[in-house]
Amino acid sequence: MDVDTASPPPRSPILAAYPVLSRRDVLVVGGLAALPLLVPWGHPRASGAVVLNLRDYGAVGDGVADDTAAVQKLMDATATQAAVGVVPAGTYRCTSSLHLRTGVQLQLESGSKLLKDWAVAPGLAGAFLRNADFAARANAVRITGPGTIGARDHSRTGVILAVYGDDVLLRDFTIDTYAGGQAVMFAGDRGRMERVRIVNSARTTGTGGIRVIGGTGFLATACHVESGDDALQFVPIGDPSALLYDLPISGGSFVGCTGASTTCRFMVALLEWTGGDTAMRNAAITDCSFRDCRGKGANRGIVVKNSHGTKAIARLSFTDCAVDMAGAADAQAQEIRIQTEPGRGAITDLTFTRTSITNPVNSVLRTSGPGTRGVTFDQCTFAAPSGGTDVVAVVDGGANVRMRRSSFAGTRGKRVLVAGPIAPVGSLTVEECRFTDIGNDRWGVDLVAAPGARVATSTFTRAAGTTTARAVRVSAACSGVVIEGNDLTGLTSTTKITDNGTGTIVRNNRGA
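All figures in this text were calculated on a predicted structure; none of them were measured in a lab.

Moving on to the overall build of the protein chain. Looking only at helices and strands, one finds two helices and 52 strands in the protein chain. On the principal axes, the C-alpha backbone points of the protein chain span a range of 95 × 50 × 35 Å. Looking at the protein chain residue by residue over its 512 residues, the buried ones come to 57%. Long-range pairs, those at least 24 residues apart, make up 76% of the contacts in the protein chain between residues at least 6 apart in sequence. Counting 51 positive and 44 negative side-chain charges, the protein chain places the centres of these two groups 3 Å from one another.

This brings us to the pattern of salt bridges. Inspection of the entire model under this criterion finds 26 salt bridges. Note that Asp76 is salt-bridged to Arg101, the shortest N-O span being 2.7 Å. One end of the pair, Asp76, is in helix H2 (residues 68-81); the other, Arg101, is in the loop between strand S7 (98-100) and strand S8 (105-108), and 25 residues separate them in sequence. Taking relative accessible area as the criterion, Arg101 reaches 35% and is therefore assigned partly exposed. Notably, a salt bridge pairs Arg152 with Asp117, separated by 3.2 Å at the nearest N-O pair. In this pair, Arg152 sits in the loop between strand S12 (148-151) and strand S13 (161-164) while Asp117 sits in the loop between strand S9 (112-116) and strand S10 (129-131), placing the two residues 35 residues apart along the sequence. It is possible to trace a salt-bridge network through shared partners that takes in Asp378, Arg402, Arg404, Arg405, Glu431, Arg454, Glu484 and Arg507.

This part is about the sheet that holds strand S47 (residues 459-462). With parallel pairing, five strands are arranged side by side in an open sheet as S38-S41-S44-S47-S50. The open sheet has two edge strands, strand S38 (381-382) and strand S50 (487-490), and neither has a second partner. Note: strand S44 (residues 434-438) against S47, three bridges, orientation parallel. The residue of S47 that forms the bridge with Arg434 is Thr459.

Let us now look at the packing of aromatic side chains. All chains considered together, the criterion is met by 13 aromatic pairs. A ring pair is formed by Phe186 and Phe218, whose centres lie 5.6 Å apart and whose planes are at 40°; its orientation type is tilted. With Phe186 in strand S16 (residues 184-187) and Phe218 in the loop between strand S19 (210-216) and strand S20 (219-221), this pair connects stretches of sequence that are 32 residues apart. Here the aromatic rings of Phe435 and Phe460 are separated by 4.9 Å at their centres, their planes lie at 5°, and the arrangement is stacked. Of this pair, Phe435 sits in strand S44 while Phe460 is found in strand S47, placing the two residues 25 residues apart along the sequence.

This paragraph deals with the environment of Gly413. Tracing the sequence through the fold places Gly413 in the loop between strand S41 (407-409) and strand S42 (415-419). Placed 26 residues apart in sequence, Gly413 and Gly439 show a C-alpha to C-alpha distance of 4.5 Å.

Quick look at the pairing of strand S18 (residues 197-201) now. Strand direction decides the pairing type here: strand S15 (residues 174-178) and S18, joined by four bridges, are parallel. The residue of S18 that forms the bridge with Ile175 is Ile198. Here S18 runs beside strand S21 (residues 224-227); their pairing, made up of two bridges, is parallel. Its bridge partner lying in S21, Ile198 is registered against Val225.

Turning to the layout of surface pockets, a few remarks are in order. Considering only enclosed or pocket space, the largest pocket measures out at about 780 Å³ in volume. Around the largest pocket sit 31 residues that line it, and Gln182, Arg211, Asp229, Val235 and Thr274 are the ones nearest its centre. Breaking the lining of the largest pocket down by element, the ones donating at least two residues are strand S30 (302-306) and strand S33 (334-340). Looking at the lining of the largest pocket residue by residue, the class counts come to twelve nonpolar, ten polar and nine charged.

A few words on the side chain of Thr372. Its place among the elements puts Thr372 in strand S37 (residues 372-378). At 3.3 Å, the side chain of Thr372 and the side chain of Thr340 are in polar contact. Separated by 2.9 Å, the side chain of Thr372 and the backbone oxygen of Ser368 make a polar contact. Once residues lying within four places of it in the same chain are set aside, the contact partners of Thr372 are Ile338, Gln339, Thr340, Ile347, Thr367, Gly398 and Ala399.

Thresholds, definitions, all that
- Residues numbered from 1 in each chain as written.
- Predicted model: local features only at pLDDT ≥ 70, side-chain atom pairs only at ≥ 80, totals over all residues.
- Heavy atoms only, no water.
- Helix = DSSP H or I, 4+ residues; strand = E, 2+ residues; numbered from the N terminus.
- Buried < 20%, exposed > 50% of the residue type's maximum accessible area, 1.4 Å probe, protein only.
- Contact = heavy atoms within 4.5 Å.
- Lys, Arg positive; Asp, Glu negative; His and termini not counted.
- Charge placed at Lys NZ, Arg CZ, Asp CG, Glu CD.
- Salt bridge = Lys/Arg side-chain N within 4 Å of Asp/Glu carboxyl O.
- Pairing = 2+ DSSP bridges.
- Phe/Tyr/Trp six-rings, centres within 6.5 Å; stacked < 30°, edge-to-face > 60°.
- 1 Å grid on protein atoms, 1.4 Å probe; cavity = no way out; pocket = protein on both sides within 12 Å on 5 of 7 lines; lining within 4 Å.
- Points joined across faces, edges and corners; volume = space filled by probe spheres on them.
- Nonpolar A, V, L, I, M, F, W, Y, C, P; charged D, E, K, R; others polar.
- Polar contact = N/O pair within 3.5 Å; in protein donor to acceptor, adjacent residues only side chain to side chain.

And the structure:
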């Protein structure tokens, strides 16, 4: 989805009562008049609102004086007066949290920076800009750029921006320098983030990018996120002692976002709490999406996991996304990980369309868990990993996994697609796929325990110089497998299908 920069931004309810000026305002000189002045969209004057200036509230802006009180007075005034608070060029040092209330409107002008100059433990309560009261929503908050918000250096840990409110707009500013907490934590309905840049994070875990923790209809477009930990996140809070614990998320999207994680994942949707085993009773992630998002990961690229939620992650999609994993360590991990735990909620109706890992080091895919159902990969590419792992993709446990029109490469003798090595997979479908560079004594599709699997209308090609590459193996733990309409002419082995299952149907395969 493209951002329409030719149209004016939506007006917040706080500004709705004020008239909108023409884009050509009039500059009056000496009471006579006359010179047309172009006012761009996004500038406070374009809304016709009252404009307040931070300098008029006593701010110094030299990066040395403590401007916390002045910035807070400006923010409070914008909320009570339905005004826009302009932060002019300068560095405004703050030594405690700035509190957001309904209707706060800040315009960070070019060359301005709100500087965080204290350290605090990660969490909502100590965030730099945060709700005045997390028991009440701060609605219609608007923070726009092109200025900057950030810490003095990486020793000033803590969350930068934590907002719980409806109809919030964050646009065109930069978060520069943060550590030991998320750059942005957001909960609420109809939140918007547009062209926000997040850079210069500490290269450590626990320093995440944009984390949506609850609400409906969130949309981030064209944001750039560089984080130590996970970059783009739909992740409710799982700690029962924390603020805004256990909220559901629905209808959220990241569109056209870029970035990188130095130690963790690029895109995640998680019902997980790493600090304990307490179940999350209300949290769910439904009808959310990642579209046209591209970046880099370091320890897995995409993760969808339900280890603590009793409800589901459902109808989640990744479309036209890519994660470059060239910087990953050579370990036994997976670049795309989909996982459910026994006794927890399901992951259902999960779709990957034209979404791939580039330069994989470890196994490209592993799905696992009894609650993993209805996962589809359509027009995806599974390249052979460069590292020591011997398998490209593993489907383990769950049911109704579908591979359609996708490509799998078995270069360097990797096992290509393996189904059910630990737990049986029900109703696996592989259709219209391409399996290339299959090595000696390898199969394109290895059905270890996959009752009811169907492999159809796919092509299988051996690696150069090989003579014993094969198409499909059906192990004894399988039953009712169908292998039909495939093209096996790219193989030279005498036996191209190995069948040890019960009730296997093999028919209409070319070159069998």
